[in-house]
Amino acid sequence: MRARSDVYFRLAEAGFRRQWHYRLAMFAGMFTNVVFGLVRASVMLAAVRTSAGFGGYTPDSIGAYVWLSQGLLGALGVMGPPLDLVERIRNGDVAIDFLRPIDIQFCYLAGDLGRAGCTLLLRGLPSVAAGMLFLELEPPHEALPYVLGAVSVVLAVTISFLLLFAVALAGFWLVETRGIRLLYQIVATFLAGLFVPVHLFPEWLRTLANLSPFPSQLQGPIDVLSGHATGGEVVQILAVQAFWVIVALALGRALLRAGRRKLEVQGG
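Residues numbered from 1 in each chain as written. Predicted model: local features only at pLDDT ≥ 70, side-chain atom pairs only at ≥ 80, totals over all residues. Heavy atoms only, no water.

Enquirer: Is there a simple way to think about empty space enclosed by the protein in this case?
Expert: It is a probe the size of a water molecule, rolled over the atoms, that shows where empty space is left. Under the definition given, this model contains one cavity of 30 Å³ or more. If you add up the space inside the largest cavity, you get close to 30 Å³. The residue makeup of the lining of the largest cavity, split by class, is six nonpolar, one polar and no charged. (1 Å grid on protein atoms, 1.4 Å probe; cavity = no way out; pocket = protein on both sides within 12 Å on 5 of 7 lines; lining within 4 Å. Points joined across faces, edges and corners; volume = space filled by probe spheres on them. Nonpolar A, V, L, I, M, F, W, Y, C, P; charged D, E, K, R; others polar.)

Here's what the structure looks like:
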C-alpha cells in the first residue's frame with residue numbers, strides 16, 4: 001500500500017514538473033486573467049454601487065469573488081478533459097493502461113493535482129495578488145478561512161478532474177467527443193458561477209445549480225476563501241464537496257468498467 005501511494009505521489013510530482021515547463025504559457029494566461037479580471041471587476045463594481053442588496057455583496061466582497069475566480073480558473077481546468085486520455089481512448093492505447101498495476105483513475109488524478117498545484121503557484125496566486133493591488137481588497141484576517149479554503153480548493157480540483165475524466169470516457173461509445181466536451185464546458189462554467197455569482201441567479205436557476213456539482217468547483221471555494229461563508233455555511237460547503245467527490249469517483253469507476261467491457265468485446 002505504501003509503495004502504491006509513493007507511485008501516486010511521484011505522478012503528482014511529475015504533473016507539477018511537466019506544467020512547470022510551460023512557465024511562459026502560464027505567464028500569458030496570468031496576463032489574460034488580469035486583463036479580463038479588470039474588465040469583470042469594473043462591471044461588477046458598477047453593479048454593486050448602483051444596486052441595493054446585490055446578492056449580499058459589497059465592493060470588497062465582489063472584488064474578492066472576481067479575482068479568486070480568475071485565480072482558480074486555470075487550476076480547475078474546466079475548459080476540457082485531459083486530451084492525452086481522450087486520444088488514448090480514441091486510438092485504443094487505453095488498453096495498455098488497463099494492463100498496468102496502478103489504477104487509471106487515480107493515476108490521472110494524481111497527475112492533475114500536481115498540474116493544478118503548479119498552475120496555482122505560477123498563475124493563480126499572481127492573478128489574485130494583482131487584483132489586490134488594483135482594487136485594494138481586504139482579505140480575511142483570520143487564518144481559518146485560508147486553511148479551510150485550501151481544503152476546499154483541493155476538493156474543487158478533485159471534483160473538476162473526476163467529472164472531466166467521466167466526460168473523456170464517453171469516447172468509449174462516441175466516435176467524436178468534441179461536442180459533448182464543449183457542452184460540458186459551457187454548462188459547467190456557467191453553473192459554477194464563473195460569469196456571475198451563483199447567489200445572483202434567479203431562485204429557480206440557483207436551485208438547479210445547487211443540485212449540480214458545479215458550484216462546488218468554483219463558487220464554494222470562493223465563498224470559503226473570501227469569508228463570504230462563515231460558520232456552519234463553511235461546513236456545509238465542504239460536506240457538499242466531499243459528497244460530489246464520492247459521486248464523481250463512483251461515476252468514473254462505473255464508466256471505466258463499462259468501457260473496459262466494450263473494449264474487450266470490440267478487441268477480442
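Enquirer: Looking at this structure, I do not really get the nonpolar core. What am I missing?
Expert: A general feature of soluble globular proteins is that nonpolar side chains tend to end up buried together. Judged by nonpolar contacts, the single largest core of 65 residues is most densely connected at I62, Y65, L76, F165, Y184, F214 and L218. When sequence neighbours within four positions are dropped, the list of residues in contact with I62 reads M44, L45, V48, F54, Y57 and P197. (Core = buried A, V, L, I, M, F, W, Y, C linked by side-chain atoms within 4.5 Å. Buried < 20%, exposed > 50% of the residue type's maximum accessible area, 1.4 Å probe, protein only. Contact = heavy atoms within 4.5 Å.)

Enquirer: What exactly am I supposed to notice about the pattern of salt bridges here?
Expert: Side-chain pairs of opposite charge can arise where the charged atoms are in close proximity. Per the counting criterion, the structure on display carries seven salt bridges. Note that E13 is salt-bridged to R17, the shortest N-O span being 3.4 Å. Note that E13 and R17 are positioned in helix α1 (residues 2-20) at a spacing of four residues, about one turn of the helix. In this structure E13 comes out as partly exposed when scored by relative accessible area, which is 31%. Its salt-bridge partner being R88, residue D97 comes within 2.9 Å of it at the nearest N-O pair. (Salt bridge = Lys/Arg side-chain N within 4 Å of Asp/Glu carboxyl O. Helix = DSSP H or I, 4+ residues; strand = E, 2+ residues; numbered from the N terminus.)

Enquirer: Teacher, can you tell me more about the environment of P139 here?
Expert: Note on placement: P139 falls in the loop between α6 (104-135) and α7 (144-168). Judged by its relative accessible area of 34%, P139 falls in the partly exposed class. Separated by 47 residues in sequence, P139 and G92 have C-alpha atoms that sit 49 Å apart. In this structure, P139 is in contact with M132 and Y146, ignoring residues within four places of it in sequence.

Enquirer: Sorry, what's going on with the packing of aromatic side chains here?
Expert: Where two aromatic rings form a pair, the distance of their centres and the angle of their planes describe that pair. Applying the stated criterion across every chain, the model contains 10 aromatic pairs. Their ring planes at 75 degrees and their centres at 5.9 Å tell us that F172 and W173 sit as a pair that is edge-to-face. The exposure class of F172 is buried, given its relative accessible area of 8%. Look at Y184 and F214: their rings are 5.8 Å apart centre to centre, the planes differ by 70 degrees, and that puts the pair in the edge-to-face class. Of the two residues, Y184 is situated in helix α8 (residues 178-191) and F214 in the loop between α9 (203-210) and α10 (219-226); the sequence distance between them amounts to 30 residues. Taken individually, Y184 and F214 each receive the classification buried, so the pair is uniform in this respect. Counting every residue linked through ring pairs, the aromatic cluster contains F98, F172 and W173. It is R253 that lies over the ring of F106; its NZ or CZ is 5.3 Å from the centre. (Phe/Tyr/Trp six-rings, centres within 6.5 Å; stacked < 30°, edge-to-face > 60°. Lys NZ or Arg CZ within 6 Å of the ring centre and 35° of its normal.)

Enquirer: I tried to follow α8 on my own but got confused; where do I start?
Expert: Counting along an α-helix, one turn takes 3.6 residues, and residues three or four places apart therefore face a common direction. For α8, which comprises 14 residues, the first-to-last C-alpha distance of 20 Å matches the rise-based estimate of 20 Å (1.5 Å per residue) to within 8%. Along α8, the residues that are buried comprise R181, Y184, A188, T189 and L191. Taken end-on, α8 shows its buried residues confined to a sector of 165 degrees, consistent with a single buried face. For α8, the exposed residues set more than 90 degrees away from the buried face come down to R178, L183 and I186. A positive backbone phi angle near 95 degrees is found at G193, which sits one or two residues after α8. (Expected span 1.5 Å × (residues − 1). Arc of directions from axis to C-beta.)

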